[in-house]
Protein chains: 2
Amino acid sequence: MMSNEGNKVGTYEFVVEPFHTDLTGQLTMGVLGNHLLNCAGFHAEDRGFGMASLHEHHYTWVLSRLAVEVFEQPKAYERFSIQTWVENVYRLFTDRDFAVLNAEGRPVGYARSIWAMIDLDTRKPADLLTLHGGSITDYICGKECPIEKPGRIKVTNGEVAGEHQVRYSDIDINGHVNSIKYIEHILDLFPMELLRDQGIRRFEMAYVAESYYGDMLTFTREEIRPGEYDIEVKKNHAEVVVRSKVLFNASASVEEAGDKKEE
Amino acid sequence: MMSNEGNKVGTYEFVVEPFHTDLTGQLTMGVLGNHLLNCAGFHAEDRGFGMASLHEHHYTWVLSRLAVEVFEQPKAYERFSIQTWVENVYRLFTDRDFAVLNAEGRPVGYARSIWAMIDLDTRKPADLLTLHGGSITDYICGKECPIEKPGRIKVTNGEVAGEHQVRYSDIDINGHVNSIKYIEHILDLFPMELLRDQGIRRFEMAYVAESYYGDMLTFTREEIRPGEYDIEVKKNHAEVVVRSKVLFNASASVEEAGDKKEE
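The following refers to the structure shown. Here the structure is a predicted model, which is why all the values come from computation and not from measurement.

For the structure on display, the rule yields 18 aromatic pairs over all chains. Here A:Tyr229 and A:Phe248 contribute two aromatic rings whose centre-to-centre distance is 6.0 Å and whose plane-to-plane angle is 85 degrees, an arrangement assigned as edge-to-face. Of this pair, A:Tyr229 sits in strand 9 (residues 228–235) while A:Phe248 is found in strand 10 (residues 239–248), placing the two residues 19 residues apart along the sequence. Consider the rings of B:Tyr182 and B:Tyr207, whose centres lie 6.2 Å apart with planes at 55 degrees: the pair is tilted. Remark: B:Tyr207 occurs in strand 7 (residues 200–207) and B:Tyr182 occurs in helix 3 (residues 179–187); sequence separation between them is 25 residues. The pair formed by B:Tyr182 and B:Tyr207 is uniform in burial state, with each residue classed as buried.

Right, dumping it as structure tokens:
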């Protein structure tokens, strides 16, 4: 961590709970995703622009995109930490990055996220550059996040890989399906053997709309190239709710990913 | 806590994570159940008879029964703590109790659990009274747990209320369906309105057998009296895996529960 950037980066410690691992004994992508969202919340709250402060002012953060790459997922009982910082602030979006560090403090993964802020009354996006006199920009930090930005996900020739009617356990305090639950449902589309033997190289989510109790979610999946899947989730056979990309370790594009330049 | 019983009771602090609450903003029963199991693990490990110590000796704990009553479920961002202690040790079972305390240290719920220990090679139960020279009995504690013991659950005239094929996210590091996932699937059988408006007075689980990836689980539910449901979960239309009782706050038996004597 750069010393003069110290207060810009938040660091949060965790231990992998035994029942937060999958059958390989590694932290699940869903639990990691939940930790990332919590860290975003802690970091923002500590600096005066978190959910609790914003609710008083009738605004809230909305997660728009998430991309996660973990090359060494922490295992049961292992300590790890998550760092998070603000990479950029635009008028309607902010880029927030994450690093996952193992018990020795070595990075074992990174994540990128894009957030908007909405007015709770009008549900319209708010101007981040005028919020609190633009003070959120004071926290912009140059720390490196060496993974690609979330890309475009487009399902054109997919096939229906699963259906799920939204249940009580899918719904969070906001009354809509929890961001993390989509991740679990999407990974459940794949055979256990694939998840166990190959592991996930990169995982992307694009949150487009909200879904609610009783909605029927349809998951359409397309194999873009071997080991790389784009998924589109629609509610009630109409509106797109979520798009996702899952890249397995043995996928064709893993080798070239290191060389790829950001668009 | 009785002072001379101090080391017998383990106390563990938590904060309710925002995405660990349901649509009412209260901690979900599944997450609470996970915390209870973790506390059992911490408490046992700290005293030399936890999973990690036992694995070295080729034994492991198996949860047999769980009963939970929470009258004031902690809310998002609230601090709470869980106390746990050993109530009794028999040759093949041990009773472990829990108290849930709110931020002020006042009890807001209790739980009871029954555990067996099995030999990992033979899958046969082990004799708890000879384990480590019977030292587990040193931790038997007289602290009160003022809720009923797990009772008999018997579904005789139920109807099929749901089906679920076991997926990747259901499976934990042991290769079988995680104890907590059954709780989520069982609560998902009920209409959201019932869970939201009434809340759960008491919840019981009896773990009978294990289920695995790909198994088809069938949930048969019987309303024993208004607001009180017994559920039986079978795998592949044959073997019983789990039985459960859910008692809602407005159920007929809540009023009389206070007077009931333990069998």
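Residue and element names in this part refer to chain B. Taken together, the 10 strands give an open sheet; going across it, the order is 1-3-4-5-2-7-10-9-8-6, and neighbouring strands pair in antiparallel fashion. Edge positions in the sheet fall to strand 1 (10–15) and strand 6 (159–165), since each has one partner strand and no second. Averaged over neighbouring strand pairs, the angle between their axes works out to 20 degrees when direction is ignored. Bridge analysis of strand 2 (residues 59–70) against strand 5 (residues 107–119) gives 11 bridges, and the strand direction is antiparallel. Along strand 5, the bridge assignment pairs Val62 with Ala116. Against the sheet, helix 1 (residues 29–46) contacts strand 1, strand 2, strand 3 (79–89), strand 4 (94–101), strand 5 and strand 7, and its axis sits at roughly 55 degrees relative to strand 3. Most of the contacts of helix 3 go to strand 7, to which it runs at about 130 degrees, and overall it touches strand 2, strand 6, strand 7, strand 8 (216–225), strand 9 (228–235) and strand 10 (239–248).

Turning our attention to the interface of chain A and chain B. With 33 residues of chain A at the contact, the number on the chain B side is 33 residues. Across the chain A/chain B interface, buried area totals approximately 3100 Å², and carbon plus sulfur atoms make up 57% of it. Counting the contacts that link chain A with chain B gives four salt bridges. We note a salt bridge from B:Glu184 to A:Lys181, for which the minimum N-O separation is 3.5 Å. The set of elements that each furnish at least two residues to the side of chain A that touches chain B consists of helix 1 (29–46), helix 3 (179–187) and helix 4 (192–197) of chain A. No other element matches helix 3 of chain A, which puts four residues into the side of chain A that touches chain B. The class makeup of the residues in the side of chain A that touches chain B is 16 nonpolar, nine polar and eight charged.

Let us look at the pattern of salt bridges. Side chains bearing opposite charge may pair, as long as their charged atoms lie close to each other. By the definition in use, this model includes 34 salt bridges over all chains. Here A:Arg106 and A:Glu72 are joined by a salt bridge, their closest N and O atoms 3.4 Å apart. Separated by 34 residues along the polypeptide, A:Arg106 in the loop between strand 4 (94–101) and strand 5 (107–119) and A:Glu72 in the loop between strand 2 (59–70) and strand 3 (79–89) bring together distant segments of the chain. What makes A:Arg106 partly exposed here is its relative accessible area of 41%. Residue classification places A:Glu72 among the partly exposed residues on the basis of a relative accessible area of 40%. For B:Glu232, the salt bridge identified is with B:Arg243, shortest N-O distance 3.2 Å. Taken together, the positions of B:Glu232 in strand 9 and B:Arg243 in strand 10 put the pair 11 residues apart, joining distant regions of the chain. For B:Glu232, a relative accessible area of 12% puts it in the buried group. The network of salt bridges with shared partners includes A:Arg65, A:Glu69, A:Arg201, A:Arg202 and A:Glu204.

Along the chain, A:Arg167 turns up in the loop between strand 6 (159–165) and helix 3. Not counting the four nearest positions on each side in its chain, A:Arg167 is found in contact with A:Tyr213, B:His164, B:Arg167, B:His185 and B:Asp188.

Residues and elements named next belong to chain B. Within strand 9, seven of the eight residues are buried, which leaves it mostly tucked inside the rest of the structure. Examined bridge by bridge, strand 8 and strand 9 share eight bridges and lie antiparallel to one another. Within strand 9, the position partnered with Thr218 by the bridge is Lys234. What sits between the antiparallel neighbours strand 8 and strand 9 is a turn of two residues, in which Gly227 has the positive phi angle 80 degrees. Inspection of the sheet shows strand 9 paired to strand 10 by eight bridges, in the antiparallel sense.

Calculation criteria
- Residues numbered from 1 in each chain as written.
- Chains lettered and ligands numbered in written order.
- Predicted model: local features only at pLDDT ≥ 70, side-chain atom pairs only at ≥ 80, totals over all residues.
- Heavy atoms only, no water.
- Phe/Tyr/Trp six-rings, centres within 6.5 Å; stacked < 30°, edge-to-face > 60°.
- Helix = DSSP H or I, 4+ residues; strand = E, 2+ residues; numbered from the N terminus.
- Buried < 20%, exposed > 50% of the residue type's maximum accessible area, 1.4 Å probe, protein only.
- Pairing = 2+ DSSP bridges.
- Axes fitted to C-alpha atoms, helices over the stretch in contact; angles between N-to-C directions.
- Contact = heavy atoms within 4.5 Å.
- Buried area = accessible area lost by both parts, 1.4 Å probe.
- Salt bridge = Lys/Arg side-chain N within 4 Å of Asp/Glu carboxyl O.
- Nonpolar A, V, L, I, M, F, W, Y, C, P; charged D, E, K, R; others polar.

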